[in-house]
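Given next are the chains, with one letter for each unit.
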Amino acid sequence: ALLTYFRNHPQILQTKKGFTRELHFFDTAWNGLMKEAKERLHLKNANDKNCFILEKYMTLFRTEQVLLANSTTPLFTFEKTPTYFTNPMIPQRMKQVVPWSKMILILRNPVDRLYSQYK
């Protein structure tokens, strides 16, 4: 239900994959991006690496909405990746790259979640 509200909200940038629920950017893609920043681009400064990673993150979203809107209304990104809360490094990575971001954790009854995943 929450995903549906976010999908239809005018201030939420949609992903290029049609609002994929789990982007896994800060867990699965992270090591490859850090390697690329270090080896291919020779970025040594932490700030340069973070800017590079933020730029890569934004390529996952339909940012043309921002350009077409020509508005001062703030826009937000949204992703739903449960594995971010099983790795203690993820919040630190997110804080490095997008320090202004907010993390929301929604907990479900484990039995209901298991049944929902089973269906």
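Whatever comes next refers back to the structure up there.
Here's what I pulled together on the structure shown here. (Residues numbered from 1 in each chain as written. Predicted model: local features only at pLDDT ≥ 70, side-chain atom pairs only at ≥ 80, totals over all residues. Heavy atoms only, no water.)

**Some details on the overall build of the protein**
A count of helices and strands for the protein gives 6 helices and 0 strands. Going from the N terminus to the C terminus, the protein shows its helices and strands as α-α-α-α-α-α. Buried positions account for 24% of the 119 residues belonging to the protein. For the protein, the proportion of contacts with a sequence separation of at least 24, taken over those separated by at least 6, is 64%. Accessible surface for the protein amounts to roughly 9000 Å². Of this, 57% is attributable to carbon and sulfur atoms. (Helix = DSSP H or I, 4+ residues; strand = E, 2+ residues; numbered from the N terminus. Buried < 20%, exposed > 50% of the residue type's maximum accessible area, 1.4 Å probe, protein only. Contact = heavy atoms within 4.5 Å. Areas by Shrake-Rupley, 256 points an atom, 1.4 Å probe, with all protein chains shown as cover.)

**Quick look at the packing of aromatic side chains**
Each aromatic ring pair is characterised by the separation of its centres together with the angle its planes make. Per the counting criterion, the structure on display carries 6 aromatic pairs. Each ring, one from Phe26 and one from Tyr57, has its centre 5.4 Å from the other, and the planes form 45 degrees; the classification is tilted. With Phe26 in the loop between α1 (2–8) and α2 (30–40) and Tyr57 in helix α3 (residues 46–58), this residue pair connects regions lying 31 residues apart in the sequence. When its relative accessible area of 1% is taken as the criterion, Phe26 is described as buried. The structure contains a cluster of three or more aromatic residues connected by ring pairs, namely Phe25, Phe26, Trp30, Tyr57, Phe61 and Tyr84. (Phe/Tyr/Trp six-rings, centres within 6.5 Å; stacked < 30°, edge-to-face > 60°.)

**Describing the environment of Met34**
With respect to the secondary-structure elements, Met34 resides in helix α2. Taking the C-alpha atoms as reference, Met34 lies 7.4 Å from Lys49; in sequence the two are 15 residues apart. When near neighbours in sequence (up to four residues on either side) are disregarded, Met34 contacts Lys49 and Ile53.

**Structural notes on the side chain of Arg93**
Looking at the element boundaries, Arg93 is found in helix α5 (residues 89–97). Buried and unpaired, Arg93 has no salt bridge, with Asp27 as the nearest side chain of opposite charge at 6.7 Å. Residue contacts for Arg93: discarding those within four places in its chain leaves Phe26, Asp27, Trp30, Asn31 and Asn87. (Lys, Arg positive; Asp, Glu negative; His and termini not counted. Salt bridge = Lys/Arg side-chain N within 4 Å of Asp/Glu carboxyl O.)

**With respect to a nonpolar patch on the surface**
A contiguous nonpolar patch, built from Leu2, Tyr5, Ile104 and Ile106 and spanning about 470 Å² of accessible area, is present on the exposed surface. Relative to the helices and strands, Ile106 is located in the loop between α5 and α6 (110–118). (Patch = residues over 30% accessible without salt bridge, like charges linked within 9 Å, V, L, I, M, F, W, Y side chains within 5 Å.)

**Some remarks on the nonpolar core**
Formed by 17 residues in total, the largest nonpolar core has its most connected members in Phe25, Phe26, Phe52, Ile53, Tyr84 and Val97. Going through the elements one at a time, α2, α3 and α5 are the ones with two or more residues in this core. Those residues within four positions of Phe52 in sequence are excluded, and the remaining contacts are Leu33, Glu36, Ala37, Leu41 and Leu43. (Core = buried A, V, L, I, M, F, W, Y, C linked by side-chain atoms within 4.5 Å.)

**A look at the environment of Gln96**
Mapped onto the fold, Gln96 is located in helix α5. For the pair formed by Gln96 and Asn47, sequence separation is 49 residues and the distance between their alpha carbons is 8.7 Å. In contact with Gln96, not counting residues within four places along its chain, are Trp30 and Asn50.

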